[in-house]
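# Commentary on secondary and tertiary structure
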Amino acid sequence: MNTGAPGTLMPSAAQARVLGIQSKLYAWAVADPGRRFDDLFNLVTDPAFLLMAWRRVRDNTGARSAGVDGFTASGIENTTGGLTAFLAQLRSDLKTGQFAPLPVRERMIPKPSGKLRRLGIPTVRDRVVQAALKLVLEPIFETGFSSSSYGFRPGRRAQDAVEDILHHARQGYVWVFETDIAACFDEISHPVLMDRVRERIADKRVLGLVKSFLKSGIMTRDGDVRDTMSGTPQGGILSPLLANIALGMIDEHFDAKWAACGTGGGAPEYRRRMHRRAGGATYRLIRYADDLVVMVNGTAEHAHALRDEVSQVAARIGLRLAEDKTHTVHIDDGFDFLGFHIQRHTQWGSDRRRVYTYPSRKAVTTVRGKVKALTGRQTLNLDPATVFALLGQALRGWTTYYRHAASATTFSELEHYQWHRVWKWLRRKHHRRHWKWITCTYAHPHNRWGFRAAGRDLFNPAKVPIQRYRYRGNAIPTPWSTRPGQPTTQR
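Residues numbered from 1 in each chain as written. Predicted model: local features only at pLDDT ≥ 70, side-chain atom pairs only at ≥ 80, totals over all residues. Heavy atoms only, no water.

### What to know about the overall build of the chain
Let me state the cut-off plainly: Helical segments are the DSSP runs of H or I of at least four residues, strand segments are the runs of E of at least two, and each set is numbered from the N terminus. To sort residues, take the accessible area from a 1.4 Å probe on protein chains only and compare it with the maximum for the residue type: under 20% means buried, over 50% means exposed, and anything in between is partly exposed. Contacts are residue-level and defined by heavy atoms, with any inter-residue pair within 4.5 Å sufficient.
Summing up its helical and strand segments, the chain has 18 helices and 15 strands in all. C-alpha atoms of the chain, sized along the principal axes, occupy 75 × 75 × 45 Å. Expressed as a percentage of its 491 residues, the buried residues of the chain come to 49%. In the chain, the share of contacts with a sequence separation of at least 24, taken over all contacts with a separation of at least 6, comes to 71%.

### A short note on the packing of aromatic side chains
Quick reminder of the rule: Aromatic rings from Phe, Tyr and Trp, taking only the six-membered ring of Trp, are treated as a pair when their centres fall within 6.5 Å; an angle between ring planes under 30 degrees marks them as stacked, one over 60 as edge-to-face, and anything in between as tilted. Whether a charge sits over a ring depends on NZ of Lys or CZ of Arg being within 6 Å of the ring centre and within 35 degrees of the ring normal.
Summed over all chains, the structure comprises 13 aromatic pairs. With centroids separated by 5.7 Å and ring planes inclined at 25°, the aromatic side chains of Trp419 and Phe451 adopt a geometry described as stacked. With Trp419 in helix α17 (residues 408-429) and Phe451 in strand β14 (residues 447-453), this pair connects stretches of sequence that are 32 residues apart. Taken as a pair, Trp419 and Phe451 share a single burial class, namely buried. Taken together, Phe340, Trp398, Tyr401, Tyr402 and Phe411 form an aromatic cluster joined through their ring pairs. Across from the ring centre of Phe37, 4.7 Å away, lies the NZ or CZ of Arg35, which sits over that ring.

### What to know about the packing of helix α3 (residues 47-59) against helix α6 (residues 124-142)
Applied cut-off: Axes here mean lines fitted to C-alpha atoms, for a helix over just the part in contact, with angles spanning 0 to 180 degrees between N-to-C directions. Every angle not falling under 35 degrees, over 145, or within 65 to 115 is termed oblique; those three ranges are roughly parallel, roughly antiparallel and roughly perpendicular. For any helix crossing, the convention is left-handed if the near helix is rotated counterclockwise from the far helix by under a right angle, and right-handed if that rotation is clockwise. Polar here means any residue outside two lists: the nonpolar Ala, Val, Leu, Ile, Met, Phe, Trp, Tyr, Cys and Pro, and the charged Asp, Glu, Lys and Arg; Gly therefore counts as polar.
Two elements in contact, α3 and α6, have axes whose closest approach is 8 Å; the angle formed by their N-to-C orientations is 120°. Between α3 and α6, the angle is such that the two are oblique. The chirality of how α3 crosses α6 is right-handed. Taken together, the residues of α6 that come into contact with α3 (itself represented by Phe49, Leu50, Met52, Ala53, Trp54, Arg56 and Val57) are Val124, Arg127, Val128, Ala131, Ala132, Lys134, Leu135 and Val136. For the contact of α3 with α6, the residue count by class is 12 nonpolar, no polar and 3 charged.

### Side note on the sheet that holds strand β10 (residues 335-337)
Under the convention used in this document: For two strands to pair, DSSP has to find at least two bridges joining them.
Here we have 3 strands laid out as an open sheet, ordered β10-β11-β12, and antiparallel in their pairing. Strands at the two margins of the open sheet, each flanked by one partner only, are β10 and β12 (353-359). Recorded for the sheet is a direction-independent mean angle of 30° between the axes of neighbouring strands. Summarising the sheet, β10 and strand β11 (residues 340-346) pair through 3 bridges and their orientation is antiparallel. Among the inter-strand pairings, Asp336 is bridged to a residue of β11, identified as His341.

### Side note on unusual backbone geometry
One non-glycine residue with positive phi stands out, namely Phe152, at about 55°. Among the structural elements, Phe152 can be located in the loop between α6 and α7 (158-170). What makes Phe152 partly exposed here is its relative accessible area of 45%.

### Let's talk about the pattern of salt bridges
The condition that has to hold: What makes a salt bridge here is a side-chain nitrogen of Lys or Arg within 4 Å of a carboxyl oxygen of Asp or Glu, nothing more.
Counted according to the given criterion, the structure contains 20 salt bridges. Between Asp251 and Arg287 there is a salt bridge, with the nearest N and O atoms lying 2.8 Å from each other. Of this pair, Asp251 sits in helix α11 (residues 239-261) while Arg287 sits in strand β6 (residues 282-288), and the two are 36 residues apart along the sequence. For the pair formed by Asp251 and Arg287, the shared burial category is buried.

### Notes on the pairing of strand β7 (residues 291-297)
Counting buried positions along β7 yields 6 of 7 residues, so the element is predominantly enclosed. Sheet analysis places strand β3 (residues 175-182) next to β7, joined by 6 bridges and oriented antiparallel. Residue pairing in the sheet places Phe177 in a bridge with Val294 of β7. Bridge analysis of β6 against β7 gives 7 bridges, and the strand direction is antiparallel. Looking at β7, one finds that Arg284 is bridged to Met295. Taken together, β6 and the strand that follows it, β7, pair antiparallel across an intervening segment of 2 residues, in which Ala289 is found at a positive phi of about 60°.

### A closer look at a positive patch on the surface
Heads up, the rule is: Patch definition: residues above 30% relative accessible area lacking any salt bridge, with like charges linked at up to 9 Å and the nonpolar side chains Val, Leu, Ile, Met, Phe, Trp and Tyr linked at up to 5 Å. In this description, accessible areas are obtained by the Shrake-Rupley approach with a 1.4 Å probe, and a residue is regarded as covered only by the protein chains that are shown. This count recognises Lys and Arg as positive and Asp and Glu as negative, with His and chain-terminal groups excluded. We put the charge of a Lys on NZ, of an Arg on CZ, of an Asp on CG and of a Glu on CD.
Positive charge collects at one region of the surface, where Lys115, Arg117, Lys325 and Lys362 lie side by side. Inspection of the secondary structure assignment puts Arg117 in strand β2 (residues 116-121).

### Looking at the pairing of strand β1 (residues 104-110)
The sheet contact formed by β1 and strand β4 (residues 218-219) spans 2 bridges and is parallel. Each residue of the ladder has a partner; that of Arg105, found in β4, is Met219. Where β1 lies against β2, 6 bridges are found, and the strand directions are antiparallel. The residue bridging Arg105 from the neighbouring strand is Ile121, located in β2.

### Structural notes on the side chain of Ser189
What counts here: Any N or O atom pair separated by 3.5 Å or less is treated as a polar contact, with the protein-specific requirement of one donor-capable and one acceptor-capable atom, and with residues adjacent in sequence counted only for side-chain atom pairs.
Mapped onto the secondary structure, Ser189 falls in the loop between α8 (184-187) and α9 (190-198). A distance of 3.5 Å separates a polar side-chain atom of Ser189 from the backbone nitrogen of Val192. Setting aside its immediate chain neighbours within four residues, Ser189 contacts Ile317 and Gly318.

Have a look at this one:
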């Protein structure tokens, strides 16, 4: 593909150019599902793609983190020649074959469970090339991804996965097999992953770049370099896309089971109903990255049998299930997924049974912990307006995520908890003042249960409106769809 790109571009022109080429790649991939794309390396080295990749890296919160070379995004912009020289040299190294990724810097991040998660921090230079690769590869592979996959895909949200579960639970899929892939990003088989990439990509230079990132190695905190024989380092921009390509084998397995039950005479749903009447079961997979559930319209035995079946499919990718997170439950007993608790029970005030979603206990405990930390002794040196702002940042994002669930009671309880924590914090901060002075100083003039400091109101979770999330099914558009509402895949 001849790019013919100018040497320098304005960001708006670069963005338009990249989007136009991505739309063409997406359209070609949709029109010919078996096509293997060649001559893509010129796009990776195109100035417009490199500039947009740089902007993606620079605007990311991880831009302040340096790789093994010690450079950050802002540091590169302040060097001699700045961004122009950096991108020109990077493009030259790519085209001449001199580019080679450096090992990622290892960093261990604590998980809520108390365990540690390994995070790999690539150099800024490597991040830009990974971002350029993703800009080129994502529109091609997006067309082949299953509609049951939601994590790390453009236009898809965790709420879409939850609504998919609710939709099928209402259709009779009441048994749930839930599991998690153990150490997914660390154990994906490189040969299997590369074989799946080769199914759509024929450009050897692009394949070489992808493989070089997989084999770049990890520099430990002791300064030793450890070879990476498997996995895609978590923290790299390209890693989520590569993980979805590999985990697509699980999606395809259950898509095939779904399609097989619908073949034969009559409408597919009629055939599936006849299949269930004959003693069989039908399955629907919902996957968000390495978290997945399989909804079963059948018996408990059908759901229990999925443990070995999913384990065997995962083993083909070099992966294994997390035993402590693998369970089979009935929808009436409820289960947690993506921070939501999903359960069917009788609707209040009637005898109808409905499927509801709530913030999980773990999620509520976590957000309460944040409120407690921000209103503890360690923040007494801060002024109240700053503490109110920090509380607003923490709670606004949390309530926005859960506002589509049955969260009114939870939000109200959180508002009461926050009020008591802030009142206790103000009494402690102004321990020499009478409580009436604190009330006159910080009470909101129009809300007796609200606080205000320096013109900043304390965020009230109870006032966040609850809105029903619309189930979008197969009609989730991508940024490259030729018409609004065109789905990424049809199943």
